[in-house]
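Notes for the structure review
Residue-level listing of the chains:
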Amino acid sequence: MAAGSREQWNSKAGFILAAVGSAVGLGNMWRFSYLTAEGGGAAFVVLYIAFTLVVGLPVLLAELTIGRGSGKSPIQALAHFAHAAGGSPAWKLLGVVFVSAGFLILAYYGVIAGWTLRYAGEALMGFAPDTAGHFGEIAAGAPAFGFHVVFMAVTIGIVLGGVSSGIERVSMLAMPALFALVIGIAVYAATLDGSGAGYTYYLNARLENALSIPIFVDAAGQAFFSLSLGMGAMLTYASYLGRDNDLPVESAIIATADFGVAFLAGLMVFPLIFAFGLQSDVGGSTVGALFVALPKAFVSMGAAGRIVGFLFFVALLVGALTSAISLLEVVVSAAMDGLGWPRARAAMVAGSLITLLGAGAAWSTDVLGVMDAVANNLFLVGGGLGLSIFVGWVMDDPVGEARAGGSQGALRLWIGLLRYAVPAVLVFVLWNSIPSTWKSIMALFAAS
Ligand code: PHE
């Protein structure tokens, strides 16, 4: 596509809702719930908020600044600013890491979204009472792959529609619906007898669980994953912006909405589970809360449980879909800019390859877990580290670029964080997560 004819968002609200749609997804409900359960309730939540403010927000603004400033997909965008600053052309490689992360994440994300799709249907029919056994049967193998394929086909279809008539249009409808569902279910959960124990569990700080390096690392990884950072998704979305957006303000809106939905997810999940005394089903597992304990709660609720369960999994599915389209868009925009492919070919080829890669995650939940660990602990955190160094130390006048929409934000603080605090925290996180991630990869090979 020739310069100047790049696609654009139709409206500011459209961009914001699409970016919030990217941020809000399985991370807010699935990951947030199990990490909060395992990380000490409110103690984890506070840690996660701290990471969002100190690390997440600065990196989000960095991505939006580079995306809008270059009007290009990640690889070209980094090359553009590296060149302008007389920096090394090798910065392009960071963009390559971003695009690879998109591949990897969407492959397993689609499998979890496939479970969600299946569960929305099953909720309506009524779940079988042995929810753990059932999950074990459907989580891996041909059925898991089948639902993943269906989900990916819908994702590809939307991305094929383009930025404003595909992604933006879907986000404008989906996000308000998702907010309404999440608020409605949280309010409903509050009316259940016994929900109080859920709030206590969620909103009390169990410091003894939170004060450990693994939980610290999880909270940082979650801040990245949940805000879609460290792999160019926000960068790519911002590349379709005009010059008149107030990026610092918009970063704050996106981060607040993302946190709001995660917090509300806790207000749905824990009261529902505790009202039926199912806390032991949450277990230590990453899927216990959402795919085992909650369906059991819906069974106990009888007829109402069918409706509430259906709406819950629909909300989760909508969130997953608007995140998946942003993951695919990173790869698609890179193929369009880098290979000169038309959107249709890029979406079909990239989407199909990612769908195939998902076969690994669909084959075994252990593979899925390792893909998730590698993507978060290495790719996103590493990508965020690279980006903060690039914007903090290499790029020319990032403040001027971020201010271009007329913003008066406290951008000195922003640069300070990008230069010192963000790299320091991320190096610490990487240092502490590489050994365990490596061990989980090795364990997988040893088992197979
Ligand atoms: N933020 C999404 C979620 O919370 C996941 C995601 C990560 C999307 C990275 C895009 C890029 O589910």
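Presented here is an overview of the structure given in this document. Predicted, not measured: the structure shown is a model, and the values here were computed from it.

1. A closer look at the overall build of the protein
Helices and strands together make up the secondary structure of the protein, namely 20 helices and zero strands. Taking 448 residues into account, the globule formula puts the C-alpha radius of gyration at 22 Å, and the protein, at 21 Å, falls close to it. Each principal axis of the C-alpha atoms in the protein carries an extent, and together these give about 65 × 45 × 45 Å. The buried share among the 448 residues of the protein stands at 56%. Pairs at least 24 apart in sequence give 84% of the contacts found in the protein among residues at least 6 apart. Here the protein displays about 16100 Å² of accessible surface, and carbon together with sulfur accounts for 69% of that area.

2. So, unusual backbone geometry
If a residue is not glycine, its phi is most likely negative; likewise, a peptide bond is most likely trans. Positive phi outside glycine occurs at Ser228, with the angle close to 60°. Assignment of secondary structure puts Ser228 in the loop between helix H11 (213-226) and helix H12 (233-238). Given a relative accessible area of 11%, Ser228 falls into the buried group. Residue Asp397 is not a glycine yet carries a positive backbone phi of 45°.

3. A few points about a nonpolar patch on the surface
A contiguous nonpolar surface patch, about 430 Å² in accessible area, is contributed by Leu160, Met348, Val349, Leu353 and Leu356. A per-element tally of the nonpolar patch places helix H17 (residues 343-363) first, with four residues. Checked against the element boundaries, Leu160 lands in helix H7 (residues 142-160).

4. Structural notes on the packing of helix H3 (residues 42-70) against helix H4 (residues 74-84)
Contact geometry of H3 with H4 gives a least axis separation of 9 Å together with a crossing angle of 85°. Relative to H4, the element H3 lies roughly perpendicular. In this structure, H3 uses Ile66, Gly69 and Ser70 to contact H4, whose residues at the interface are Ala77, Leu78, His80 and Phe81. Across the contact of H3 with H4, the residue classes tally to four nonpolar, three polar and no charged.

5. Quick look at the nonpolar core
Among the nonpolar cores identified, the biggest contains 162 residues, and Ile66, Trp115, Leu290, Phe291, Phe312 and Phe313 are the most heavily contacted of them. Take this core: its biggest share by element is 18 residues, from helix H16 (residues 303-339). Non-local contacts of Trp115, meaning those with residues more than four positions away in its chain, are made with Phe135, Ile138, Ala139, Ala144, Val287, Phe291, Thr365 and Leu368.

6. A short note on the site of the ligand
Around the ligand, the structure places 15 residues, and the nearest of them are Ala23, Gly27, Tyr109, Phe225 and Ser228. Here an oxygen atom of the ligand and a backbone polar atom of Ala23 are 2.9 Å apart. In this structure, an oxygen atom belonging to the ligand sits 2.5 Å away from a side-chain N or O atom of Tyr109. Here the ligand loses 100% of its free accessible area of 330 Å² to cover by the protein chains. Elements that contribute at least two residues to the shell around the ligand include exactly helix H1 (12-23), helix H2 (26-38), H11 and H16.

Definitions and limits used
Residues numbered from 1 in each chain as written. Predicted model: local features only at pLDDT ≥ 70, side-chain atom pairs only at ≥ 80, totals over all residues. Heavy atoms only, no water. Helix = DSSP H or I, 4+ residues; strand = E, 2+ residues; numbered from the N terminus. Rg over C-alpha atoms; globule rule 2.2 N^0.38 Å. Buried < 20%, exposed > 50% of the residue type's maximum accessible area, 1.4 Å probe, protein only. Contact = heavy atoms within 4.5 Å. Areas by Shrake-Rupley, 256 points an atom, 1.4 Å probe, with all protein chains shown as cover. Patch = residues over 30% accessible without salt bridge, like charges linked within 9 Å, V, L, I, M, F, W, Y side chains within 5 Å. Salt bridge = Lys/Arg side-chain N within 4 Å of Asp/Glu carboxyl O. Axes fitted to C-alpha atoms, helices over the stretch in contact; angles between N-to-C directions. Parallel < 35°, antiparallel > 145°, perpendicular 65-115°, else oblique. Nonpolar A, V, L, I, M, F, W, Y, C, P; charged D, E, K, R; others polar. Core = buried A, V, L, I, M, F, W, Y, C linked by side-chain atoms within 4.5 Å. Near = heavy atom within 4 Å. Polar contact = N/O pair within 3.5 Å; in protein donor to acceptor, adjacent residues only side chain to side chain.

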